[in-house]
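# Summary of the model geometry
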Amino acid sequence: MEIKCKDKKVLLKAALGEINSDLAITNAKIVNMFNGNIDHGTVYVKNGFIAHIELNDEETIKADEVIDAKGMYLIPGLIDSHEHIESSMMVPRNFAKAVIPWGTTTVITDPHEIGNVWGVEGVKYMHDDADDLPMRQCIDIPSCVPAVPGLENAGADFLAKEIEELTKLPRVIGLAEVMDFLAVIHGEDRMMDILDVAERKGLYLQGHAPFLSGRMLSAYLCGGPNTCHESRDTNEAYEKYRNGMFLDMRDSSMCKNIPAVWDAVKDSRYLDHLCLCTDDRESEDILVHGHINDVVRIAIQNGMNPIDAIRSATYNTAREVGLKNLGAIAPGYVADMILLNDLEEMTPSVVFYGGQKVAENGKLCVEIKDHSFELERRNSVSIKPLTVDDFTIKAPIENGKIKANIMEFEDPINSLSDVASVELDVVDGKVVLNDPDLKFVAVVNRYQNNDNIAVHVVRGFGTTHGALASTVSHDSHNLTIVYDYAENALVAANELKRVGGGMCAVEDGKIIHTLELPVAGLLSLKPAEELAKDANLMKQANRQLGLTQLENPLLRIVTLALPVVPNAKMSDLGLVDVNNKKLIPLFD
């Protein structure tokens, strides 16, 4: 895909110097993404595209506007190779306000979070709210809604027909992370039909392949997806890289995989298939630390050459997603650029989008108008009236102990979990928990015409007491609650139903804090600064309930019900064996 110039003849005349360019950036240290060199010179821009680069001093600058870079570095605008805007909990326009000053001019966003809630309409909303922004929000069509059919229920179901419909959106460029890797590997009809639509429409195929290796990895690659942001282990990353996969090194608010991935590829002769992404970054992290520029900085801190790190967030990513004239400073390329003083610090002084100055010294220079959509005012939490009994596990014995299969987190920090066998106490026919490391977990379907509730037991989640509830629950975004007593769970569930979704913490029957996310139960209409304050109060409430070992406890709960991450997860149908795609009963 090539980003089109509105009048190529005019661009040609500017390149030849026959007419004035719109902008000339002089006295710049131009970082070249093709040869890795840094040259001193002038960059000319016409109609949003780079017309010419002059490395020799000119007496006459042929441009309507001249900006003296004063010896600062000029690099391409940064591209996030894989991003869920919903994870910022901001609507697209407010997300743009937060990330543009950090130098992000393009994101490759997968709106499968809202797709699971509002279906095709939700994806179109994310696309339309990003119209006319001073940045580029490219859409990858959600490939797995729900994430694993038959093992969970969401608010929508995407088949080939829905994929075909969404290919008509102007900024669609790819098929988003194909998470149901087993469906690809075994050539299941539903997934093959979806991949066929994407390939016929010329979309690139984004992958999601945690811990795949050997013949399973080969089969996945033969299926078509050839990128992965889910590499967490050095050996895993090395195998994927040598097999031709694009590796998206990730630093999100939950998962920080750069050290392991960089260790796998650092001795490679070529780094062309290495990219950078944020995946899931919430508002405070963006405001305080930055966006993809921070990921570049972290890569450099882990030993990566600054120019290689910048290339991994610009030119490499553009190649990964098939944007031919983006990600470099060269004639015919889009004039997305950043001026900065230090390549290692990665703090932009000036940000240009299509040759227009859009941010300077951390502040926007252009207005981003607010929109209004009917969907933003709908309550997506449709739950039947609940009782304490809905959150109580009834056992097949009256009193005593019973053997049970439960979900167990590997450690209090990462999202990996397994099945464990334990003995649970039963009193008067009900399961009671006498181990402080055990908690009940409920997944309540929150969509119309489905009243499923699955109640199970989890060990090692991290809370010590109370109830923590969230409608942000990848990827089905059903209402997930981790709790000690059914009474606390009921209070939390009713609160999130009342406000239209979000996160809630309850202690001794009283609400500590509610983070309201009324748009699809995922997003707030507040700007980043206000949302970050509200999210901080929610983090404090999480810590009050015992989640103290995580730097950012806000997103601990969101992957508990994600049945595409090994090895055991919850859904509204029960405990899921991820690798074997089957449900595991609580009691044998």
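Preceding this section is the structure that the text describes.
Residues numbered from 1 in each chain as written. Predicted model: local features only at pLDDT ≥ 70, side-chain atom pairs only at ≥ 80, totals over all residues. Heavy atoms only, no water.

### Examining the overall build of the protein
The criterion, for reference: Going along the chain from the N terminus, every DSSP run of H or I of four or more residues is numbered as a helix, and every run of E of two or more is numbered as a strand. Each radius of gyration is computed over the set of C-alpha atoms, and the globule rule expresses the reference value as 2.2 Å times the number of residues to the power 0.38. Buried residues are those whose accessible area, probed at 1.4 Å on protein chains only, stays under 20% of the maximum for their type, while exposed residues exceed 50% and partly exposed ones sit between those limits. Residues are treated as being in contact if the distance between any of their heavy atoms lies within 4.5 Å. Only the protein chains shown count as cover for residues, and all accessible areas are computed by the Shrake-Rupley method using a 1.4 Å probe. The charge count treats Lys and Arg as positive and Asp and Glu as negative. His and the chain ends do not count. For this purpose, a charge sits on NZ of Lys, CZ of Arg, CG of Asp or CD of Glu.
Counting its secondary structure elements, the protein contains 15 helices and 29 strands. For a compact globule of 588 residues, the expected C-alpha radius of gyration is about 25 Å, and the protein comes in at 25 Å, within 12% of that figure. Taking the principal axes of the C-alpha coordinates as reference, the protein spans close to 95 × 50 × 45 Å. Counting over 588 residues, the protein shows a buried share of 63%. In the protein, of all internal contacts separated by at least 6 residues, the share reaching a separation of at least 24 is 69%. Here the protein has roughly 21700 Å² of accessible surface; of this, 47% comes from carbon and sulfur atoms. Charged side chains of the protein number 56 positive and 88 negative; the gap between the two group centres comes to 3 Å.

### Quick look at the pairing of strand 26 (residues 510-516)
Where we set the bar: Two strands pair under a simple rule: DSSP has to find at least two bridges between them.
Here strand 25 (residues 502-507) runs beside strand 26; their pairing, made up of six bridges, is antiparallel. Looking across to strand 26, one finds that Ala505 is bridged to His513. The hairpin turn running from strand 25 into strand 26, its antiparallel successor, is two residues long, and Asp508 in that turn takes a positive phi close to 50°.

### Here we look at the packing of aromatic side chains
Put simply, the test is: Side-chain rings of Phe, Tyr and Trp, where Trp is taken by its six-membered ring, are said to pair if the distance between their centres is within 6.5 Å; with planes under 30 degrees apart they count as stacked, over 60 as edge-to-face, and otherwise as tilted.
Using the criterion set out here, one finds six aromatic pairs in the structure. Between Phe34 and Tyr333, the ring centres sit 5.9 Å apart and the planes meet at 70°, which makes this aromatic pair edge-to-face. Pair noted here: Phe34 is in the loop between strand 1 (21-31) and strand 2 (38-46) and Tyr333 is in the loop between helix 13 (315-321) and strand 14 (337-340), with a separation of 299 residues, a long-range link. Judged by centre distance (5.1 Å) and plane angle (90°), the rings of Tyr125 and Phe373 are edge-to-face. Of this pair, Tyr125 sits in helix 3 (residues 112-129) while Phe373 sits in the loop between strand 17 (363-364) and strand 18 (400-409); the two residues are 248 residues apart in sequence, bridging distant segments of the chain.

### A short note on helix 3
What counts is decided by this rule: Helices are assigned an expected span. That span is 1.5 Å times one less than the residue count.
In this model, helix 3 (18 residues) spans only 16 Å end to end at C-alpha, well below the 26 Å of a helix rising 1.5 Å per residue. Among the 18 residues in helix 3, 15 count as buried, and that is most of the element.

### A short note on the environment of Leu386
On the secondary structure map, Leu386 appears in the loop between strand 17 and strand 18. Judged by relative accessible area, Leu386 falls into the buried class, the value being 12%. The sequence separation of Leu386 and Gln448 amounts to 62 residues, and the corresponding C-alpha distance is 15 Å. Setting aside anything within four residues of it in sequence, one finds Leu386 in contact with Phe391, Ile453, Leu490 and Ala493.

### A closer look at the state of the cysteines
For clarity, the cut-off: Note on disulfides: each one is a pair of cysteine sulfur atoms within 2.5 Å.
For the structure shown, the criterion picks out zero disulfides. There is no disulfide at Cys222, and the cysteine sulfur nearest it, in Cys228, is 16 Å away.

### Examining the sheet that holds strand 28 (residues 574-577)
Quick note on the threshold: Throughout, an axis means a line fitted to C-alpha atoms (over the contacting stretch in the case of helices), and angles, computed between N-to-C directions, take values from 0 to 180 degrees.
As summarised here, the arrangement of the three strands in space is 27-28-29, forming an open sheet in which the pairing is antiparallel. For this open sheet the edge positions go to strand 27 (568-571) and strand 29 (582-584), each flanked by a neighbour on one side alone. With direction set aside, neighbouring strand axes in the sheet form an average angle of 45°.

### Description of unusual backbone geometry
Working note: non-glycine residues mostly have negative phi, and peptide bonds are mostly trans. With omega at -5°, the peptide bond leading from Val145 into Pro146 counts as cis. Within the secondary structure, Pro146 sits in the loop between strand 8 (136-141) and helix 4 (160-166). A cis geometry characterises the amide bond from His474 onward to Asp475, with omega recorded as -10°. Look at Asp508: it is not a glycine, yet its phi comes out positive at around 50°. Looking at the element boundaries, Asp508 is found in the loop between strand 25 and strand 26. For Asp508, a relative accessible area of 68% puts it in the exposed group.

### Some details on the sheet that holds strand 13 (residues 274-277)
Read across the open sheet, the three strands follow the order 11-12-13; overall the sheet is parallel. Two strands bound the open sheet, and with one partner strand each, they are strand 11 (227-228) and strand 13. Pairing geometry for strand 12 (residues 246-250) and strand 13, over four bridges, is parallel. When the bridges of strand 13 are listed, Asp248 appears paired with Cys275. Strands strand 12 and strand 13 of the sheet are contacted by helix 9 (residues 258-265), whose axis makes an angle of about 145° with strand 12.

### Examining the nonpolar core
What counts here: Here, nonpolar core refers to any group of buried Ala, Val, Leu, Ile, Met, Phe, Trp, Tyr and Cys residues whose side-chain atoms link them within 4.5 Å.
One finds Ile114, Phe461 and Met503 to be the most contacted residues of the largest nonpolar core, which totals 63 residues. In this structure, Phe461 is in contact with Phe409, Leu468, Val482, Leu547, Arg556, Ile557 and Leu560, ignoring residues within four places of it in sequence. Counting 41 residues, the second-largest nonpolar core is a separate cluster that includes Ala147, Val148, Leu169 and Leu416.

### Quick notes on the side chain of Asp280
Note the following rule: Any Lys or Arg side-chain nitrogen located within 4 Å of an Asp or Glu carboxyl oxygen qualifies as a salt bridge. What qualifies as a polar contact is a pair of N or O atoms within 3.5 Å, subject to a donor-acceptor requirement within protein and to the restriction that residues adjacent in sequence count only when both atoms come from side chains.
Along the chain, the position of Asp280 falls in the loop between strand 13 and helix 10 (283-289). Buried charge Asp280 goes without a salt bridge, the closest partner of opposite sign being Arg250 at 5.4 Å. Side chain to side chain, Asp280 and Ser87 meet in a polar contact 2.4 Å long. In this structure, Asp280 is in contact with His84, Ser87, Ser252, Ser253, Met254 and His474, ignoring residues within four places of it in sequence.

### Regarding the environment of Lys168
Mapping Lys168 onto the fold places it in the loop between helix 4 and strand 9 (172-178). Exposure remark for Lys168: the relative accessible area of 69% places this residue in the exposed category. Sequence separation between Lys168 and Lys201 is 33 residues, and the spatial gap between their C-alpha atoms is 9.7 Å.

### Considerations on the side chain of Arg311
Tracing the chain through its elements places Arg311 in helix 12 (residues 306-312). Not counting residues up to four positions away in its chain, the partners in contact with Arg311 are Met33, Asp272, Asn316 and Thr317.

### Description of helix 2 (residues 92-99)
Along helix 2, seven of the eight residues are buried, which leaves the element largely enclosed by surrounding structure. Listed as buried for helix 2 are Pro92, Arg93, Asn94, Phe95, Ala96, Ala98 and Val99. Buried residues along helix 2 sit against strand 6 (78-83), strand 7 (104-109), helix 3, strand 8, helix 10 and helix 15 (528-544).

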